[in-house]
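An overview of the molecular structure
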Amino acid sequence: MMLSPDDWLAIGLTIKLAVTVVVLLLLIGTPIAWWLATTTCRLKSIFEALIALPLVLPPTVIGFYLLMLMSPDGFVGQVTQSLGLGTLPFTFSGIVIASIFYSLPFVVQPLQNTFQSIGKRPREVAATLGASPFDTFFSIVVPLSKKGFLTASILGFAHTLGEFGVILMVGGNIPGATRVISVQIYDHVESLNYAAAHWLSAIMIVSAFLILMGLSFFNREVSVFGGAK
Amino acid sequence: MVGQSKIMFAAGLSLKVKKQFPKFLLDVSCEVASSGVTAVFGHSGCGKTTLLRCIAGLESFEGRLSFKRQVWKDNRETVATHSRAIGYVFQEPSLFSHLDVERNLVFAEKRSKRAAIIERKTIIDVLGISALLSKFPEELSGGEKQRVAIARALLSAPDLILMDEPLASLDYHAKKRFLRYVTSVKKLGVPIIYVSHSIDEVCEIADDIIYMDQGQLVSSGKLVDVLTEPAIAARLEEEAGSVISGEVTRLDDQWMLAGIQFGDNLLWIKSSDLTIKQNIRLRIKASDVSLSLTKTPDSSIVNQLEGVVDSLSKDFHPALSLVSIRVGSDRMLARVTKKSINDMSLKMGSSVWVNIKSAAVVS
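This one's a predicted model, so the numbers in the text were calculated from it and none came from an experiment.

1. Structural notes on the overall build of chain A
Within chain A one finds eleven helices and zero strands. Overall size of chain A, expressed as C-alpha extent along the three principal axes, is 65 × 45 × 30 Å. Taken over 229 residues, chain A has a buried fraction of 35%. Long-range pairs, those at least 24 residues apart, make up 73% of the contacts in chain A between residues at least 6 apart in sequence.

Structure, rendered in structure tokens:
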């Protein structure tokens, strides 16, 4: 194998980042998606647009403003310092937070679509049978949304794997802390080490392909059985 | 109409519902009996479903709502849907698609707030779903799904069952069978509020009726009384008629007829599948009733009963008049021309012979 210890470090870090981000995004994204799917609030469009921003903005723009916020003079930076946590830029926590913003639409949108497609009827039925809203969410909505949760997790994971700009802006290039695969590839190319860049790039392509193929296959399976709708 | 005496009878559901829609005001105040089936009847779009959803707490409104001694909504507070002891059967079958029939039932059982009033086995037997327990909703027919939905509603041990046109998605034969299941459920003793736009369905199962039009209450009370109110009968046009309850006391095998005793009177009808002592309900349409001043033995009409004219009122067409006739303790309607009324000099208190051309067994 042509992978150096640094490459392995980057791979491990990338997976750790993606898993952490997906778990946190499911926790944060589910209530947001639920709110967006069920609210009649007029501010809904504003929130939908805000969440979708990372889809169209250059990662450097998001990275730049996050860096500003997290820097010692920024609002978030002052809060983290006063809590004795230091500052977030150039740390693993920093890139986790940046990735959460950047991958948010990839988790919120599939969940929101699933919640909307379930509609209010199952919730109304559950309520008339004596189930509280909390109970209904976990015993009816979540099982009916299996497909949506899986799609959201896979897209969130895959998208976090592929990040570059935001991480470079917020995290820089610190081995074991912020140097993820994409940054490592960039380094290899900078130092004209094309063979190493090839290896990592090929791994990225194959894993992205497998993930997306798995997603497509899973979606077909679900629709064949007609469940989860 | 709502006086003190009516409020005293608030043993069942007492409601005062007001809700403004862009083009529509729902405004209904009435009392619903605490037993039997109360039909909420009216044309499509008259607000029946919205009213039912308000009762269930699925829709917000201004006003108050109480059931037996529990206040479900007043000016200060609203009891959430899941805290009301109701069962709701929606228009389209709404089983949980990720659970099989058994687990759909268990879902309701586990969440019922008190011990079952009716045994699980009884419910499953009455609705004929024991063979379906291990199936998933997508494997069931529309009628089967609705029966499971009713069983599920019953298993949550409700004080009141709300049904929103549960037959809407069924074909004719499934409807007929299904109504028999509803009648059996009625015998289990849980009061039912049943939304329908079909007067046939209402005549078959309802004891009481809430008649609505464009969001407003037209009339409410006992089905037999409301149906013979002149204003209601005129609204029902071709469907106007009366409902009579009686018992099969005679079977004439030679002529294949059955004699139905109601009050002191006997009415002969075709004897299909009827047995002695069976209680049945007959619907007699106003257009199937004619009047004569003397008994006409040379007529083809089998049923000629003596009655007294109770009221004469205008009908939906200027040539026609609706005559309400008291026959014993029951009341029947006849649709006759104004010319006939004039020729026969009919007025309140006139004695007449009521000629009934046909009567349909509705349940």
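Okay, back to it.
2. As for helix α5 (residues 92–118) of chain A
Residues and elements named next belong to chain A. For α5, built from 27 residues, the straight-helix expectation of 39 Å at 1.5 Å per residue is met to within 8% by its first-to-last C-alpha distance of 37 Å. At S103, α5 is bent by approximately 50°, the largest bend along its length, and proline P105 sits one to four residues beyond. Once α5 ends, the next one or two residues include G119, with phi positive near 75°.

3. Let's talk about the sheet that holds strand β20 (residues 360–361) of chain B
Pairing between the strands of a sheet comes from backbone hydrogen bonds, and it takes one of two forms, parallel or antiparallel. Residues and elements named next belong to chain B. Spatial ordering of the open sheet is given by β13-β12-β11-β14-β20, a layout of five strands whose pairing is antiparallel. Strands at the two margins of the open sheet, each flanked by one partner only, are β13 (265–270) and β20. As judged from the two bridges shared by strand β14 (residues 279–285) and β20, these two strands associate in the antiparallel manner. Within β20, the residue paired with L282 across the bridge is V361.

4. Things to note about the sheet that holds strand β18 (residues 330–337) of chain B
Residue and element names in this part refer to chain B. Pairing in this open sheet of five strands is antiparallel, and the strands run β15-β19-β16-β17-β18 from one edge to the other. Of all the strands in the sheet, just β15 (289–292) and β18 have a single pairing partner and so form its edges. The sheet shows a mean angle of 45° between the axes of neighbouring strands, direction not considered.

5. Notes on the domain arrangement of chain B
Residues and elements named next belong to chain B. Here chain B is partitioned into domain 1 (4–227) and domain 2 (241–361). Placing a centre on the C-alpha atoms of domain 1 and another on those of domain 2 gives a separation of 33 Å. Each side of the interface is counted separately: domain 1 has four residues, and domain 2 has four residues. Class assignment of the residues belonging to the side of domain 1 that touches domain 2 gives a composition of four nonpolar, no polar and no charged.

6. Remarks on the environment of B:V106
Residues and elements named next belong to chain B. Relative to the assigned elements, V106 resides in helix α3 (residues 101–111). For V106, a count of 15 C-beta atoms within 10 Å corresponds to the partly exposed category. Between the C-alpha atoms of V106 and M348, which are 242 residues apart in sequence, the distance is 59 Å.

7. Digging into the packing of helix α1 (residues 5–38) of chain A against helix α8 (residues 146–161) of chain A
Residue and element names in this part refer to chain A. It is at 9 Å that the axes of α1 and α8 come closest, and there the two elements cross at 140°. Judged on the interaxial angle alone, α8 and α1 are oblique. In this structure, α1 crosses over α8, and the sense of that crossing is right-handed. Here T14, L17, A18, V21, V22, L25, L26 and G29 of α1 come into contact with α8, specifically with A152, S153, G156, F157, T160 and L161. Counted by class, the contact of α1 with α8 contains nine nonpolar, five polar and no charged residues.

8. Things to note about the nonpolar core
Membership of the largest hydrophobic core comes to 140 residues, with the highest contact counts inside it found for B:I55, B:A151 and B:L162. Counting residues per element, this core draws most heavily on α1(A), which supplies ten residues. Apart from the residues lying within four places of it in its own chain, the contact partners of B:A151 are B:L105, B:I123, B:I124, B:L127 and B:I129.

9. Considerations on the environment of B:E109
Looking at the secondary structure, you find B:E109 in helix α3. Along the backbone, B:E109 and B:R120 are eleven residues apart, and their C-alpha atoms lie at a distance of 9.0 Å.

10. Some points on the interface of chain A and chain B
Chain A puts 15 residues into the contact, and the matching count from chain B is 20 residues. For the side of chain A that touches chain B, the secondary structure elements donating two or more residues are α6 (121–128) and α7 (133–144) of chain A. Ranked by the residues each element gives to the side of chain A that touches chain B, the list is headed by α6(A), at six residues. Within the side of chain A that touches chain B, the residues separate by chemical class into eight nonpolar, five polar and two charged.

11. Here's the deal with the pairing of strand β12 (residues 257–262) of chain B
All names here are of chain B. Bridge analysis of strand β11 (residues 241–252) against β12 gives five bridges, and the strand direction is antiparallel. From the neighbouring strand, L251 faces β12, where its bridge partner is A258. Counted between consecutive antiparallel strands, the loop separating β11 from β12 contains four residues, among which M256 sits at a positive phi close to 55°. With six bridges connecting them, β12 and β13 associate as antiparallel partners. The residue of β13 that forms the bridge with Q261 is L266. As consecutive antiparallel partners, β12 and β13 are separated by two residues, and within that stretch G263 has a phi angle of approximately 60°, a positive value.

12. Here we look at the confidence of the model for chain B
Residue and element names in this part refer to chain B. Residue-level pLDDT values for chain B average 90, and 97% of them are 70 or greater. A low-confidence stretch, residues 1–10 stays under pLDDT 50, and its non-local contacts, those more than four residues away or across chains, total five contacts. Confidence metrics for the complex model read pTM 0.85 and ipTM 0.84.

13. A look at the pairing of β11(B)
In the sheet, β11(B) pairs with β14(B) via seven bridges, with the strands oriented antiparallel. Looking at β14(B), one finds that B:S242 is bridged to B:I284.

14. Section: unusual backbone geometry
You will see that A:L192, though not glycine, has its phi angle at about 60°, which is positive. Secondary-structure assignment places A:L192 in the loop between α10 (181–190) and α11 (194–225). C-beta crowding within 10 Å serves as the criterion here: with 7 such atoms nearby, A:L192 is assigned to the exposed category. Its identity as a non-glycine residue notwithstanding, B:D273 has a phi of 60°, on the positive side. Among the secondary structure elements, B:D273 is positioned in the loop between β13 and β14. Here B:D273 falls in the exposed class, since 8 other C-beta atoms lie within 10 Å of it.

Basis of the calculations
- Residues numbered from 1 in each chain as written.
- Chains lettered and ligands numbered in written order.
- Predicted model: local features only at pLDDT ≥ 70, side-chain atom pairs only at ≥ 80, totals over all residues.
- Helix = DSSP H or I, 4+ residues; strand = E, 2+ residues; numbered from the N terminus.
- Buried ≥ 20, exposed ≤ 12 C-beta atoms within 10 Å, placed from the backbone.
- Contact = placed C-beta atoms within 7 Å.
- Expected span 1.5 Å × (residues − 1).
- Bend = angle between axes of the 7 residues up to and from the residue.
- Pairing = 2+ DSSP bridges.
- Axes fitted to C-alpha atoms, helices over the stretch in contact; angles between N-to-C directions.
- Domains from an automatic or database assignment.
- Nonpolar A, V, L, I, M, F, W, Y, C, P; charged D, E, K, R; others polar.
- Parallel < 35°, antiparallel > 145°, perpendicular 65-115°, else oblique.
- Left-handed = near helix turned anticlockwise from the far one by under 90°.
- Core = buried A, V, L, I, M, F, W, Y, C linked by C-beta atoms within 7 Å.
- pLDDT = per-residue confidence, 0-100.

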